[in-house]
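Understanding the architecture of this molecule
Spelled out from the first residue to the last, the chains are:
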Amino acid sequence: MSSNPTTTTNGNGECNCDEISAPAPSVPQTNGHASTCTLRGDGLFMKMRLNSITSIDNPDKPQATTNGNLETPPIKRNISDGNLLPTDIKEARVRVIYTGGTIGMVRNENNVLAPIPNALVKTLRRYPNIHDEAYAQKRFGSAASMGPLVLPFVQGEKRRIVYQVTEYAPLLDSSNMTMNDWARIAKDIHQSYEFFDGFVILHGTDTLSYTASALSFMLENLGKTVIITGSQIPIFETRTDGKDNFTSALIIAGNYVLPEVCVFFGHKLMRGNRTVKVSSDRLEAFDTPNVSPLGTIGINVEIDYRLIFRPCTVSRFSVQTNLDENVGILRIFPSISRSSIRAFLAPPMKGIVLQSFGSGNVPSNRKDFLEELKMACDRGVIIINCTQCSNGAVAALYDTGKVLFDIGILPGYDMTPEAALTKLSYVLGKTGLTLEQRKELMQINLRGELTSSVGAKMEEFDLVDAVARSMHLSTPEELGQMCATLFPAMINTAVQEGDITKITNLKAYGADLSCVNHDHRTALHLACNQGNIAVVNHLLMNGVSVHIRDHYDRTPLLEAISGDHHEIIQVLINCGAHLTGSSRAIGEQLCAAAARGSLVRLKSYQLAGADLAQPDPSGRTALHLAALHGHANLVRFLLDIVDNPREKDMLELTPLDYARRGGQQDVIQILSGLEQAA
Ligand SMILES: NC(=O)C[C@H](N)C(=O)O
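A brief structural summary. (Residues numbered from 1 in each chain as written. Predicted model: local features only at pLDDT ≥ 70, side-chain atom pairs only at ≥ 80, totals over all residues. Heavy atoms only, no water.)

1. Comments concerning the overall build of the protein chain
Where we set the bar: Working definition: helices are DSSP H or I runs of at least four residues, strands are E runs of at least two. Numbering for both runs from the N terminus. Partly exposed residues are those whose accessible area sits between 20% and 50% of the maximum for their type, while under 20% is buried and over 50% is exposed, using a 1.4 Å probe and protein chains only. Here, residues are in contact when the closest pair of their heavy atoms is within 4.5 Å.
The helix and strand inventory of the protein chain stands at 23 helices and 22 strands. A burial count over the protein chain gives 56% of its 678 residues as buried. Considering only intrachain contacts with a sequence separation of at least 6, the fraction spanning at least 24 residues in the protein chain is 74%.

Written as C-alpha cells, this is what we have:
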C-alpha cells in the first residue's frame, strides 16, 4: 500500500503514538488578516514515527482513501511502540481548535484584553487539573513534552481524554471573525474527522452564537460531538470560568456521542443554533430561550438524550463551506423610514431576517413599508420573519402579522436571529436549487433550529406512566431509572426479533433508540452483529449513531465485520462509520484472517477501509500469513492490492521466505514468479 503521510510540527517533535494522527489544518483563508495556520510544536503530535516509512506530505492535500473518496487517510500504521499501556485504559481523542477569545487573553500594555499567541498550550501543560503530565510521560515517553495533552481521569466517566490543540493564527477576538473563519473551522473538522472522537472549539463569546449556528448547518450529517466554548474571564486568571468550561467541554466531547454542534457555557450544554449571548458580564453568558438545555453539569453530567437532534439519513459526514454573504438582519422600529428599508433591501441583498414586533407584527397601516417589502419578495429576496422578543415565536395571530405572510414573507417560527441569518446564508450558498426549494428549506427544521407549528404527537408518557403507576414510582429519578432500564431491553428484544414496527412504537413511546445498555452497546451494535440490514437501515434512519463504542471499544462497524455482513459494512461506511482503535490490532486481525484462509474477512476489512498491508506488532502482514499457510487464493487476492509484496517483518523475512518455511509450493511458485518478473 501507499506509504502513510506524515506531517510535522516543527521538525523536532516526534510523537510515538500508535493511532493518533491527523492531517494539518486546512488552507488558511484570506479574510483580510495575514492568516496562517501554525502547527505548534509543543501542543501537537503531527509527526508519527512509522516503522520504516517517513514522508512529509503536503499537509493541505486531501488524502485518498482506499474506497476512492477524498478523505483523510483511515488508519495509520505504526508497529513500533515501546510504551504499551495496560489494555484496560480507555482513551478518547478530542481535537481542540483554538480560535481566540477572552479564554486565552491577557491584559496588554494599554490595560485591555488581547489574545497572545503560543501561550495557551504552554500554560495548560502546567495546570495539573487540565494536564496529567505523569500519564503523558508514560503514554508518550520522551515525546510527551511535544505530544498531546491529557486530561486527568474523571471519576464516573468511561474514558480518559487525550487532546490536541490547534491554535489559529492570528488569534481573534470573535468580533473580528468572518464567514471565512467559520469555513476554516468546518474544513479543519472535516479533515481530521476520522481521527478524533469529538471536537472542542475555543471561541470568543461575542459572536459565538453566530459561529455555532453557522457550523450546525455547514457540518452536514454530523455524527460526532462538536462543542464550542470560551469564557468571560481568561483561563490564566485565578478566578476564571475558562477552566470549568474547557474541561467540561472536553469531557463531554470525548465521552458522549452527541451528533450536534453544541455550546457549553456556565454549566449548561446547549444546542448551538438555539443559543444567544444574553449577558456581557455574567458567567452564564448564554441561553437557549425557546428550548431546554441538552444537558447540565452539576456533580454529575446529565444529558437529556431525548432532546438530541439526530441526523436521520444514511449519508456520510460532509461540509458545505460555501456561504452567501448577501444576507442581513433588519430590526424594525416605529416610524422606520421607507428610504432606510429600501436601502437595506437593495441588490445584491438576497436574504433578510426581518425582526418584527412581538409575535411577528409590523406596522400594517404603513403602505410604503409593505410595498418595499413586497417589491423585494417579488425580486426573489427571501425574507424570514423572526421576533424581536428574546423568547417566543412568530405566529399569524394578529392582522398586523398576517400581512407579511400575504406578501410572501416566510415565518421564521422561533429561530434566533443568529440561526435565521446563518441558515439563510447556508441555504443561499447551496448550488443548484430553485428559489422555491430554498424557501422550503428555510421553513424546514434542518438541525433542531426551529419548532414549527405542527407538533409531533407525544404518546410517550402513556407507557411510562402506566408502568410507573403500577410500580408506584413517582420521583423524576425513579422514572428516569425505569426508562433507562426498560427501554434498552425492549429495544434489544425488538431488534433481535427484527420487529421494525415494535422499534417504531417504542420510539413513539419515548425510547431513545441510541440508548446504551450496561456494556455501552446500542441497538445498532446488536443489529450489525445479527446482520439484519432492514433493522440497521431503520436504526440509521432514526438517527442512531455509528460512532458509539461499547465497553470493549467495539463499534457497530466492527460487529458487522465480525459477521462478515458486507452489505451492512457498506451502509455503515456510507453513513460515515470508520475503523477505530490501534492499527496494530487491525494488523493482528488481518493476519489471523489470512492464517485461517478467510478471504471473506479480508474483504470485510477492505470494505471498511482498512489497509490490507497493515502489519501486526511483529511486522507480519496478511500476505506473510497467507503464504505461510499456503492459501494461494488469498495470496493472489492480496497481490492485486498491496504495493510491496516483499515487505519484511521484524525478522527480515518476506512473504516468500514464509512460503518456503511452510513448504507451500503453490505459493512459492506465485511469489518467486514475481521476483523473477522484477
Ligand atoms: N468573552 C469573550 O470572549 C469576549 C471577546 N470580546 C470575544 O468575543 O472574543
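We are not done yet, so read on.
2. Some points on the nonpolar core
Note the threshold: Side-chain atoms within 4.5 Å are what join buried Ala, Val, Leu, Ile, Met, Phe, Trp, Tyr and Cys residues into a set we call a nonpolar core.
Counting 65 residues, the largest nonpolar core has Ile-491, Val-495, Leu-524, Leu-539, Leu-557, Leu-572 and Leu-579 as its most contacted members. It is helix H12 (residues 476-497) that contributes the most residues to this core, six residues altogether. Ignoring any residue separated from it by four or fewer positions in sequence, one finds Leu-572 in contact with Leu-524, Cys-528, Leu-540, Val-546, Pro-556, Leu-557, Ala-560 and Ala-577. Judged by nonpolar contacts, the second largest core, of 52 residues, contains Leu-172, Trp-182, Leu-421 and Val-427.

3. Notes on the pattern of salt bridges
Stated precisely, the cut-off is as follows: Salt bridge, as used here, is a side-chain nitrogen of Lys or Arg placed within 4 Å of a carboxyl oxygen of Asp or Glu.
By the definition in use, this model includes 29 salt bridges. Measuring nitrogen to oxygen at the nearest pair gives 2.9 Å for the salt bridge that ties Asp-378 to Lys-374. Taken together, the positions of Asp-378 and Lys-374, both in helix H7 (residues 367-378) and four residues apart, correspond to about one turn of that helix. For Lys-374, a relative accessible area of 37% puts it in the partly exposed group. Counted as one network, the salt bridges with shared partners bring together Arg-338, Arg-342, Lys-367, Glu-371 and Glu-372.

4. Brief notes about the site of the ligand
Inclusion rule: Being near a molecule or strand, for a residue, comes down to having at least one heavy atom within 4 Å of it. By the criterion applied in these results, polar contacts are pairs of N or O atoms within 3.5 Å in which, for protein atoms, one can donate a hydrogen and the other can accept it, and in which residues neighboring in sequence qualify only through two side-chain atoms. Working definition of accessibility: Shrake-Rupley area with a 1.4 Å probe, residue cover restricted to the visible protein chains. Three classes are used, and their members are as follows: Ala, Val, Leu, Ile, Met, Phe, Trp, Tyr, Cys and Pro are nonpolar, Asp, Glu, Lys and Arg are charged, and the others, Gly among them, are polar.
For the ligand, the full set of nearby residues is Gly-101, Thr-102, Met-105, Asp-173, Ser-174, Gly-204, Thr-205, Asp-206, Ser-231 and Gln-232. The separation between a nitrogen atom of the ligand and a polar side-chain atom of Asp-206 is 2.8 Å. In the model, a nitrogen atom of the ligand is placed 3.3 Å from a nitrogen or oxygen of the Gln-232 side chain. Coverage of the ligand by the protein amounts to 91% of the 270 Å² it exposes when considered alone. Split into classes, the residues belonging to the shell around the ligand amount to one nonpolar, seven polar and two charged.

5. A closer look at helix H22 (residues 655-662)
It helps to recall that an α-helix has 3.6 residues per turn; residues three or four apart then point in one direction. For clarity, the cut-off: As used here, the arc is the angular range of directions from the helix axis to the C-beta atoms.
Residues of H22 that are buried: Pro-655, Leu-656, Tyr-658 and Ala-659. When H22 is viewed along its axis, its buried side chains cluster within an angular range of 155 degrees and face the same direction. Looking one or two residues past H22, Gly-663 carries a phi angle of roughly 65 degrees, positive in sign.

6. Description of the sheet that holds strand E21 (residues 382-387)
The line we're drawing: Here the rule is simple: two strands pair whenever DSSP picks up at least two bridges between them. For helices, the fitted line uses only the C-alpha atoms of the stretch in contact; every axis is such a line through C-alpha atoms, and the angle between N-to-C directions lies from 0 to 180 degrees.
Read across the open sheet, the four strands follow the order E19-E20-E21-E22; overall the sheet is parallel. The open sheet has two edge strands with one neighbour each: strand E19 (327-331) and strand E22 (410-411). Pairing geometry for E19 and strand E20 (residues 351-356), over five bridges, is parallel. Its bridge partner lying in E20, Leu-330 is registered against Leu-354. Helix-sheet contacts for helix H10 (residues 435-443) involve E21 and E22, and the interaxial angle to E21 is about 15 degrees.

7. So, unusual backbone geometry
For residues besides glycine, phi is generally negative; the peptide bonds are generally trans as well. The omega torsion across Ala-169 and Pro-170 is 0 degrees, close enough to zero to call that bond cis. Mapped onto the elements of the fold, Pro-170 is located in strand E8 (residues 160-172). In this structure, Pro-348 follows Pro-347 across a cis peptide bond, with omega equal to 10 degrees. Turning to its location among the elements, Pro-348 is positioned in the loop between helix H6 (338-345) and E20.

8. Focus on the environment of Gln-530
Topologically, Gln-530 is positioned in helix H14 (residues 523-530). Given a relative accessible area of 35%, Gln-530 falls into the partly exposed group. Here the alpha-carbon distance between Gln-530 and Asp-368, two residues 162 residues apart in the chain, equals 66 Å. The residues contacting Gln-530, other than those within four sequence positions of it, are Val-495, Gln-496 and His-565.

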